[in-house]
Amino acid sequence: MNRVSIALSLLVAACVATSAVAQQRPGVSLDKRWPDPSTNQQRDEEPPQADQAPEPQQPRSRRGTQQQRPPQTTGAIAPEQQVPTGIKPQPAPPRVVACTGVFAKDSSHLKLATFFGADAITWTEVAGPEGSKLNASVLYPRDPKRRLEVLWNLDTSRSDTQLIVINGQSNWTAPNGIKLGMPLAAVEKINKKPFNLRGFGGENGGAVTSWETGALASLAGGCKISIRFAPDPKAKAKPEGDLLSEKPLPSNHPGLRAVEPKVAEIILGY
């Protein structure tokens, strides 16, 4: 053979050998092409101590990144979030009637519904004098402690405030902090002088007849306040004599104080 033939024979033999070796080698996985960087870091770390078991390795994805484990439930309740310093919870708005705003002279059923919400008000009948019935806008009619009656001069448009009535178990507060259940002496202190009220006989028994130019004779906003008192059933003394008449009595009358009258109804009018 010449030199060219010999070279070609050797080249063919080398290709055949290379093909045989390639068929015997196992395939290389994709994981080996993108090795996990943490693998090299683990080699540099110190081996675990003899008394410490090595931590189990988390399963890895095809790209070598650690798979996320679902959160472990221990049954413990997460602690409540702390209120940021300097921020205080806002209290519920107080139920106070003033002779301004939605309770001013120019108010209406629509204004009350807009302010308190349409679900908080209804148009219905309420008790009037001598067993009569009157139309009124009633706030929170199903809640005795939040109930408030508002009567209008113009029933057709339900506008032009006439009377605002606090009675029953209502916890609304009138101007100057007057509320149901307040003792006679406390109202006298707010008025800054004695006033006159009827005896407890008749339908209007216990109603104030005159504030005697005291502080309650006029209120800001142009409304007037009328209060009806009732003897305290728990008082030791019971109404008798002049206390059962309808004639006006001074609030500092000794017999009147003995029955410990308390505010039973508050009426604001224009």
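Details of the structure are given in the entry above.
Here the residue numbers are simple positions, counted from 1 along each chain's written sequence. Since the coordinates come from a predicted model, pLDDT governs what is reported: local features require at least 70, and pairs of side-chain atoms require 80 or more to be given and counted, while whole-chain, interface and lining totals use all residues. Side-chain numbers here rest on the full set of heavy atoms in the structure, without hydrogens or water.

S.K.: Is there a simple way to think about helix 5 (residues 184-191) in this case?
M.R.: Since one α-helical turn is 3.6 residues long, residues separated by three or four positions face the same way. To sort residues, take the accessible area from a 1.4 Å probe on protein chains only and compare it with the maximum for the residue type: under 20% means buried, over 50% means exposed, and anything in between is partly exposed. Only DSSP runs of H or I reaching four residues or more are called helices, and only runs of E reaching two or more are called strands; each is numbered from the N terminus. Leu 184, Val 187, Glu 188 and Asn 191 are the residues of helix 5 that are buried. Summarising the axial view, the buried residues of helix 5 lie within an arc of 105 degrees, below the 170-degree limit, and thus occupy one face. Only heavy atoms matter for contacts: two residues are in contact if any of them lie within 4.5 Å across the pair. Against strand 7 (224-230), helix 6 (254-258) and strand 9 (262-269) lie the buried residues of helix 5. The positive-phi residue at the C-terminal boundary of helix 5 is Lys 192, with phi of around 70 degrees. Note that the arc is defined by the directions from the helix axis to the C-beta atoms.

S.K.: Just to check I follow, could you spell out the side chain of Ser 137 for this structure?
M.R.: Among the secondary structure elements, Ser 137 is positioned in strand 2 (residues 133-139). Nitrogen and oxygen atoms within 3.5 Å of one another constitute a polar contact, given that in protein one can donate a hydrogen and the other can accept it, and given that sequence-neighbouring residues count only through two side-chain atoms. For Ser 137, the side chain forms a polar contact with the side chain of His 109, separated by 2.6 Å. Apart from residues lying up to four places away in sequence, Ser 137 is in contact with His 109, Ile 121, Thr 122, Trp 123, Leu 148, Glu 149, Val 150 and Trp 152.

S.K.: What should I look at first to understand the sheet that holds strand 3 (residues 148-154) in this one?
M.R.: Where strands meet in a sheet, backbone hydrogen bonds hold them as pairs that are either parallel or antiparallel. Read across the sheet, six strands follow the order 1-2-3-4-9-7 without closing on themselves; strand pairing throughout is antiparallel. In this open sheet, the two strands that pair with only one neighbour each are strand 1 (121-127) and strand 7. Between one strand and the next, the sheet's axes are offset by a mean angle of 30 degrees, whatever the strand orientation. In short, DSSP must find at least two bridges between two strands for them to pair. In terms of strand pairing, strand 7 meets strand 9 through seven bridges, oriented antiparallel. Bridge pairing in strand 9 places Phe 229 opposite Val 263. Axes here refer to lines fitted to C-alpha atoms; in helices the fit is confined to the stretch in contact. Angles between the N-to-C directions go from 0 to 180 degrees.

S.K.: How should I be thinking about the layout of surface pockets in this particular structure?
M.R.: Left-over empty space is what a probe sized like a water molecule reveals as it rolls over the atoms. For each structure, a 1 Å grid was placed over the protein atoms alone; sets of points admitting a 1.4 Å probe that cannot get out are labelled cavities, open sets with protein on both sides within 12 Å along at least five of seven lines are labelled pockets, and lining residues have an atom within 4 Å of a point. Grid points are joined across faces, edges and corners, and a volume is the space filled by probe spheres set on the points. Of the volumes computed, that of the largest pocket is approximately 600 Å³. Around the largest pocket, the lining is made up of 21 residues, and of these Gly 128, Pro 129, Asn 204, Glu 265 and Ile 267 lie nearest the centre. Breaking the lining of the largest pocket down by element, the ones donating at least two residues are strand 1, strand 3, strand 4 (159-166), strand 7 and strand 9. Split into classes, the residues belonging to the lining of the largest pocket amount to eleven nonpolar, five polar and five charged. Residue polarity is assigned by list, with Asp, Glu, Lys and Arg as charged and Ala, Val, Leu, Ile, Met, Phe, Trp, Tyr, Cys and Pro as nonpolar; anything else, Gly included, falls into the polar class.

S.K.: Would you mind showing me how to read the pattern of salt bridges here?
M.R.: Oppositely charged side chains are able to pair whenever their charged atoms sit close together. Salt bridges are identified by distance alone: a Lys or Arg side-chain nitrogen within 4 Å of an Asp or Glu carboxyl oxygen. Scanning the entire structure with this criterion turns up seven salt bridges. One salt bridge connects Lys 105 with Asp 160, and the closest N-O pair in it is separated by 2.9 Å. With Lys 105 in the loop between helix 3 (37-44) and helix 4 (109-116) and Asp 160 in strand 4, the pair connects residues that are 55 residues apart, well separated along the chain. The partner of Asp 143 in a salt bridge is Arg 146, and the shortest N-O contact between them spans 3.0 Å. A relative accessible area of 27% means that Asp 143 is categorised as partly exposed.

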